[in-house]
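So you can see what is in the structure, the chains are spelled out below.
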Amino acid sequence: LGQSVSVKYKKAPTFPENAIEVSENGVNAVKTELKHKRACLFASFTKDGLVSKNTLAYLKSLRDFCDVIVYVADSKALPETVEKQKELCDYIIIKRHKEFDFGSYKKAYQYLQKVNLLDKVDSLLICNDSVDFVGNQDEQLTYRKKYKLHLLGVNSVLVVSSGILLTVRPQI
């Protein structure tokens, strides 16, 4: 019929030669008491095996509001990156799964199921590293609690990316 369709082929990412994949506990992985009753499912991607200072600050801030942080990156990471993540997160999964952010959220959720933490939290904070961190999340989390919302979302659309900060009750 004489028509052609142009197809863009997305090249698979390449990582540094010494980048690794891991699934392991962070420094503070064993939780006996949950102060906030909140867990964070954090999705990430590191094309160069490194995590930005912005993402590290974001994770550090989340620690003030979350008892458990599960960090999942659909990539590989340099060993020094893994060590930094182990200091900030309770469990890290850095492995190519090719399911993008929602695949990372799924893997973090499955981890919380496996270790029986879903029944112990009142809310899940779902976020990613696609936004520039500009402060803490106190205002949004206080608002959700004050109005007894089952769902609160903040979406920031930038020129090249969209980032999500979403809290939900585990039952949803």
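Before going into details, it helps to say that this report is about the structure given with it.

Cut-offs applied
- Residues numbered from 1 in each chain as written.
- Predicted model: local features only at pLDDT ≥ 70, side-chain atom pairs only at ≥ 80, totals over all residues.
- Heavy atoms only, no water.
- Helix = DSSP H or I, 4+ residues; strand = E, 2+ residues; numbered from the N terminus.
- Buried < 20%, exposed > 50% of the residue type's maximum accessible area, 1.4 Å probe, protein only.
- Contact = heavy atoms within 4.5 Å.
- Areas by Shrake-Rupley, 256 points an atom, 1.4 Å probe, with all protein chains shown as cover.
- Pairing = 2+ DSSP bridges.
- Right-handed = clockwise from strand over helix to strand, strands pointing away.
- Salt bridge = Lys/Arg side-chain N within 4 Å of Asp/Glu carboxyl O.
- Polar contact = N/O pair within 3.5 Å; in protein donor to acceptor, adjacent residues only side chain to side chain.
- Phe/Tyr/Trp six-rings, centres within 6.5 Å; stacked < 30°, edge-to-face > 60°.

1. Quick notes on the overall build of the protein
Consideration 1: If you tally the helices and strands in the protein, you get four helices and seven strands.
Consideration 2: Reading the helices (α) and strands (β) of the protein from amino to carboxyl end gives β-β-α-β-α-β-α-β-α-β-β.
Consideration 3: Sorting the 172 residues of the protein into buried and exposed places 42% on the buried side.
Consideration 4: Looking at the protein alone, contacts between residues at least 24 apart form 73% of all its contacts between residues at least 6 apart.
Consideration 5: Approximately 10700 Å² of the protein is accessible, and the part contributed by carbon and sulfur atoms is 53%.

2. Concerning the environment of A77
Consideration 1: With respect to the element layout, A77 can be found in the loop between β3 (68–73) and α2 (79–88).
Consideration 2: Exposure remark for A77: the relative accessible area of 1% places this residue in the buried category.
Consideration 3: Along the backbone, A77 and D48 are 29 residues apart, and their C-alpha atoms lie at a distance of 7.5 Å.
Consideration 4: Among all residues touching A77, those that are not within four sequence positions of it are N18, A19, I20, G49, V82 and I94.

3. Looking at the pairing of strand β2 (residues 38–44)
Consideration 1: With seven of its seven residues buried, β2 lies for the most part within the structure.
Consideration 2: With burial as the criterion, each face of β2 is covered, one bearing R38, C40, F42 and S44 and the other bearing A39, L41 and A43.
Consideration 3: As paired elements, β2 and strand β5 (residues 123–128) share six bridges and run parallel to each other. Looking at the pairing, A39 lines up with L124 of β5.
Consideration 4: One crossover worth recording links β2 to the parallel β3 by way of helix α1 (residues 53–62), and it is right-handed.

4. Re the pattern of salt bridges
Consideration 1: Applying the stated rule across the entire model yields five salt bridges.
Consideration 2: Between R63 and D90 there is a salt bridge, with its nearest N and O atoms 2.9 Å apart. A residue pair is termed long-range when its members are at least 10 positions apart, and R63 in the loop between α1 and β3 and D90 in the loop between α2 and β4 (91–94) qualify at 27 residues.
Consideration 3: R63 sits in the partly exposed class, given a relative accessible area of 25%.
Consideration 4: Across the pair R96 and D74 runs a salt bridge whose closest N-O atoms are separated by 3.1 Å. Here D74 lies in the loop between β3 and α2 and R96 lies in the loop between β4 and α3 (100–114), a separation of 22 residues in the sequence.
Consideration 5: For R96, a relative accessible area of 24% corresponds to the partly exposed category.
Consideration 6: Through salt bridges that share partners, E24, E83 and K86 make up one connected network.

5. Quick look at the side chain of N128
Consideration 1: Relative to the helices and strands, N128 resides in strand β5.
Consideration 2: A polar contact is formed between the side chain of N128 and the side chain of D101, at a distance of 2.9 Å.

6. Structural notes on the packing of aromatic side chains
Two numbers describe a pair of aromatic rings. These are the distance of the centres and the angle of the planes.
Consideration 1: Summed over all chains, the structure comprises five aromatic pairs.
Consideration 2: Here the aromatic rings of F42 and Y58 are separated by 5.4 Å at their centres, their planes lie at 75°, and the arrangement is edge-to-face. Of this pair, F42 sits in strand β2 while Y58 sits in helix α1, placing them 16 residues apart in sequence.
Consideration 3: Here the aromatic rings of Y91 and Y111 are separated by 3.9 Å at their centres, their planes lie at 10°, and the arrangement is stacked. Taken together, the residues Y91 in strand β4 and Y111 in helix α3 connect sequence positions 20 residues apart. An identical accessibility class is assigned to Y91 and Y111; each is buried.
Consideration 4: Ring pairs connect the aromatic residues F42, Y58 and Y71, which therefore count as one cluster.

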